[in-house]
Amino acid sequence: MPGKKLNIETKLKTWQLVAAVVTSVTLIAGGVGVYAYQQYTQSQQTAGELAQSALDVGQTRVDELTARIADLEAAINNSLEIQANSEGKTLDEKARDELSSQIEKAKELWVEQKTQLIELENALAKLRTLNVDGVWAENTSSIAKIVVEASKTNWEKIVTQVADLGNAIGLVQAAQEVWQEEQDRIIAQEAAERMAREKT
């Protein structure tokens, strides 16, 4: 992900340099008409490049974020199922309490990331409407920058949270195994005591 961010910054610097060079050439050429035309052409060109880059980056991030949110939803549902099935089947509630805590954190993160995804999708949709017959609207650059900023959402937090849920699930399952072993021991002991009584 850092590589993508660096790529965006590099492109922005390149566009700024191109704009500066073209403006200088325009001033040297002179003529109000020529200057106005080239200024308009350059603004369209720069806005178009920025918009296309923002669309590419934004859509890539939408796809990535959508996939990671789906992973988080699956992890939450799996955790809820484990939590329900383990009720009364652990020697204590320590592991189940930890899983409950991670589930709540995951739900909060889901709301946060889903909100950011919707904001990014809305910004992308808005940006796509700004090109009419190949001409970009005056506010294209500002909307494109909003898309770029919205694309900076850190979905790595989702990966970490999914891992935390997995660890918590593992603890609950381990606690269930200990509980089951204890149940098996109790059953075996009761069976042995019953056999002993029958012999006497």
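It should be noted that the structure appears before, not after, this text.
Residues numbered from 1 in each chain as written. Predicted model: local features only at pLDDT ≥ 70, side-chain atom pairs only at ≥ 80, totals over all residues. Heavy atoms only, no water.

Things to note about the environment of Gln113
For step 1, the next point in the chain: With respect to the helices, strands and loops of the structure, Gln113 is situated in helix H3 (residues 94-128).
For step 2, the next point in the chain: Between the alpha carbons of Gln113 and Asn154 there is a distance of 8.6 Å; along the sequence they are 41 residues apart.
For step 3, the next point in the chain: A polar contact of 3.0 Å, which involves the side chain of Gln113, links it to the side chain of Glu112. (Helix = DSSP H or I, 4+ residues; strand = E, 2+ residues; numbered from the N terminus. Polar contact = N/O pair within 3.5 Å; in protein donor to acceptor, adjacent residues only side chain to side chain.)

Considerations on the packing of H3 against helix H5 (residues 156-199)
For step 1, the next point in the chain: Between H3 and H5, whose axes approach to 9 Å, the crossing angle comes to 160°. Taken together, the axes of H3 and H5 lie roughly antiparallel to each other. H5 is crossed by H3, and the crossing has left-handed handedness. Contacts between H3 and H5 involve Ala95, Arg96, Glu98, Leu99, Gln102, Ile103, Lys105, Ala106, Leu109, Glu112 and Gln113 on the former and, on the latter, Lys157, Ile158, Gln161, Asp164, Leu165, Ala168, Ile169, Leu171, Val172 and Ala175.
For step 2, the next point in the chain: Its residues assigned to classes, the contact of H3 with H5 shows 12 nonpolar, 3 polar and 6 charged. (Axes fitted to C-alpha atoms, helices over the stretch in contact; angles between N-to-C directions. Parallel < 35°, antiparallel > 145°, perpendicular 65-115°, else oblique. Left-handed = near helix turned anticlockwise from the far one by under 90°. Contact = heavy atoms within 4.5 Å. Nonpolar A, V, L, I, M, F, W, Y, C, P; charged D, E, K, R; others polar.)

Considerations on the pattern of salt bridges
For step 1, the next point in the chain: The full count for this structure, using the stated rule, is 7 salt bridges.
For step 2, the next point in the chain: A salt bridge links Lys107 to Glu104; the shortest N-O distance between them is 3.8 Å. Residue Lys107 and its partner Glu104 are both found in helix H3; the two are separated by 3 residues, about one turn of the helix.
For step 3, the next point in the chain: A salt bridge links Glu182 to Arg185; the nearest nitrogen and oxygen atoms lie 2.7 Å apart. Taken as a pair, Glu182 and Arg185 lie in helix H5 at a separation of 3 residues, close to a single helical turn.
For step 4, the next point in the chain: A relative accessible area of 42% places Arg185 in the partly exposed class. (Salt bridge = Lys/Arg side-chain N within 4 Å of Asp/Glu carboxyl O. Buried < 20%, exposed > 50% of the residue type's maximum accessible area, 1.4 Å probe, protein only.)

Digging into the side chain of Gln161
For step 1, the next point in the chain: Relative to the assigned elements, Gln161 resides in helix H5.
For step 2, the next point in the chain: Residues within four places of Gln161 in sequence aside, it is in contact with Leu72, Gln102, Lys105, Ala106 and Leu109.

Focus on the nonpolar core
For step 1, the next point in the chain: Within the largest apolar cluster, 35 residues are counted, with the highest numbers of intra-cluster contacts made by Leu72, Leu99, Leu127, Trp136, Val147, Ile158 and Leu165.
For step 2, the next point in the chain: The set of elements that each furnish at least two residues to this core consists of helix H2 (32-85), H3, helix H4 (140-150) and H5.
For step 3, the next point in the chain: The biggest single contributor to this core is H2, with 12 residues.
For step 4, the next point in the chain: Residues contacting Leu127, with those up to four places away along its chain left out, are Ala51, Ala54, Leu55, Trp136, Thr140, Ile143, Ala144 and Val147. (Core = buried A, V, L, I, M, F, W, Y, C linked by side-chain atoms within 4.5 Å.)

Comments concerning the packing of H3 against H4
For step 1, the next point in the chain: Axis separation between H3 and H4 bottoms out at 9 Å; the angle between their running directions is 155°. As far as their axial angle goes, H4 and H3 are roughly antiparallel. In this structure, the crossing between H3 and H4 has a hand that is left-handed. Each of Leu120, Ala123, Leu124, Lys126 and Leu127 in H3 lies in contact with H4, whose residues at this interface are Thr140, Ile143, Ala144, Ile146, Val147 and Ala150.
For step 2, the next point in the chain: In the contact of H3 with H4, the residues fall into 9 nonpolar, 1 polar and 1 charged.

Examining unusual backbone geometry
For step 1, the next point in the chain: For Asp133, which is not a glycine, the phi torsion comes out positive at approximately 55°.
For step 2, the next point in the chain: If you trace the backbone, Asp133 turns up in the loop between strand S1 (131-132) and strand S2 (135-136).
For step 3, the next point in the chain: With relative accessibility at 77%, the residue Asp133 sits in the exposed group.

Section: the environment of Ser151
For step 1, the next point in the chain: Counting through the fold element by element, Ser151 comes out in the loop between H4 and H5.
For step 2, the next point in the chain: The exposure class assigned to Ser151 is buried, which follows from its relative accessible area of 4%.
For step 3, the next point in the chain: Counting along the chain gives 34 residues from Ser151 to Leu117, while the straight-line C-alpha distance between them is 8.8 Å.
For step 4, the next point in the chain: Leave out the neighbours within four places in its chain, and Ser151 touches Val57, Gly58, Arg61 and Leu120.

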